Amino acid sequence: MSWITNTLTSTVGRKVIMALTGLFLTLFLAVHLAGNLQLLKNDGGESFNIYTQFMAHNPLIQAISKGNFFFILLHIYVSFTLYFRNKKARPVGYKVAPGNVSSSWASRSMTLLGTLILIFILLHLRGYWYVLKFGHVPMVTVNGVEMHDAYRLVVESYQNPLIAGFYILSMGVLAFHLWHGFSSAFQSLGLSHVKYTGFIKVVGKLYAIVVPALFALIPIMLYLKSIG
Ligand code: HEM
């Protein structure tokens with residue numbers, strides 16, 4: 001089992017964990033987005049409620065969900081250990097502003113961006129996931145099946161411009177985090193190659209723009225619908 005200890009304690013090993021958990025969470029985002037886009041369907045929330053009911057009761061999804069929470073915690077824990085190890089190694093920081101070197105603002109701010117995303121996730125889980133699991137959400141009957149009206153929970157929350165605005169801003173933060181994180185994960189896994197690095201970078205940047213933009217579209221559209 002010494003390889004596990006070695007992986008967890010070496011900087012390279014920790015970067016590999018960051019990359020693998022990061023890529024898993026990136027994949028989760030795409031699946032979560034596909035489900036959430038059903039909020040924009042004009043069907044009174046039927047599709048979204050069927051989707052959330054399925055997610056909450058399918059045993060395989062429940063197992064993946066536990067893995068998802070574990071990977072989120074691992075990603076956060078390892079990122080902080082790397083941050084503090086880095087700080088210890090270079091307590092006074094750089095003399096020359098690192099902005100002059102060929103690194104982007106996003107790449108130098110990954111810990112800050114990640115911490116803002118952590119705050120977003122905590123508030124997000126409290127607002128929806130926790131309420132659906134432990135709170136009182138009205139029930140609806142769809143196709144003869146009684147289920148929680150998750151659609152109403154989400155739609156009503158975005159009637160508040162502060163909540164809608166917080167989501168939209170957070171998606172900007174997510175975009176910057178993915179902007180650097182996507183290609184950086186491939187680099188940490190040693191998967192950079194003259195032939196593919198350019199392609200991975202382009203896909204990463206596209207992903208970092210399109211996925212958060214579509215997520216942001218949900219509170220924008222639902223808020224506009226609520227005032228119009
Ligand atoms: C407009 C944007 C979003 C909406 C409307 C939304 C909605 C929801 C809802 C209703 C749930 C609880 C039901 C379920 O588990 O399917 C949920 C769970 C969750 N959301 Fe979101 N979400 C959004 C964006 C995000 C983003 C950007 C992230 C991550 C950065 C995220 C992370 C999570 C996680 C980790 C869970 C718990 C999933 C699980 O049970 O495994 N969500 N979301």
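To start, this report covers the structure provided alongside it.

Parameters at a glance
- Residues numbered from 1 in each chain as written.
- Predicted model: local features only at pLDDT ≥ 70, side-chain atom pairs only at ≥ 80, totals over all residues.
- Helix = DSSP H or I, 4+ residues; strand = E, 2+ residues; numbered from the N terminus.
- Buried ≥ 20, exposed ≤ 12 C-beta atoms within 10 Å, placed from the backbone.
- Contact = placed C-beta atoms within 7 Å.
- Pairing = 2+ DSSP bridges.
- Near = placed C-beta within 6 Å.
- Expected span 1.5 Å × (residues − 1).
- Bend = angle between axes of the 7 residues up to and from the residue.
- Core = buried A, V, L, I, M, F, W, Y, C linked by C-beta atoms within 7 Å.

## With respect to the overall build of the protein
Along the backbone of the protein there are nine helices and two strands. Along the chain direction, N to C, the helices and strands of the protein fall in the order α-α-α-α-α-α-β-β-α-α-α. Considered along the principal axes of its C-alpha atoms, the protein spans approximately 60 × 45 × 35 Å. The buried share of the protein, reckoned over its 228 residues, is 19%. In the protein, once contacts between residues fewer than 6 apart in sequence are set aside, the share between residues at least 24 apart is 74%.

## A closer look at the pairing of strand β2 (residues 145-148)
Relative to β2, strand β1 (residues 139-142) runs antiparallel, the two being bridged by four bridges. Note that in β2 the partner of Val-142 across the bridge is Val-145. Remark: two residues form the turn of the hairpin made by β1 and β2, two consecutive strands paired antiparallel; Asn-143 in that turn has positive phi of roughly 50 degrees.

## Some remarks on the site of the ligand
The local shell around the ligand holds 20 residues, among which Met-55, Ser-65, Tyr-128, Trp-129 and Ile-218 are the closest. Going through the elements one at a time, α2 (11-36), α3 (46-57), α4 (59-89), α6 (110-134), α7 (150-157), α8 (161-188) and α9 (197-227) are the ones with two or more residues in the shell around the ligand. It is α6 that contributes the most residues to the shell around the ligand, seven residues altogether.

## Notes on α8
When the terminal C-alpha atoms of α8 are compared, their 39 Å separation across 28 residues agrees well with the 40 Å that a helix rising 1.5 Å per residue should span. Considering bend angle alone, the principal kink of α8 is centred on Leu-178 and spans about 30 degrees. Downstream of α8 by a residue or two, Gly-190 has a phi angle that is positive, lying close to 75 degrees.

## Here's the deal with the environment of Thr-11
Position of Thr-11 among the secondary structure elements: in helix α2. Assessed through the 12 C-beta atoms surrounding it within 10 Å, Thr-11 is described here as exposed. With 45 residues separating them along the chain, Thr-11 and Ala-56 place their C-alpha atoms 37 Å apart. Beyond its immediate stretch of four places on either side in the chain, Thr-11 contacts Leu-82 and Arg-85.

## So, the nonpolar core
Counting 26 residues, the largest nonpolar core has Leu-39, Ala-175 and Leu-178 as its most contacted members. Considering each element in turn, this core owes the most residues, 10 residues, to α8. Contact partners of Leu-178, with chain neighbours within four places excluded, come to Thr-26, Tyr-207, Ala-208 and Val-211.

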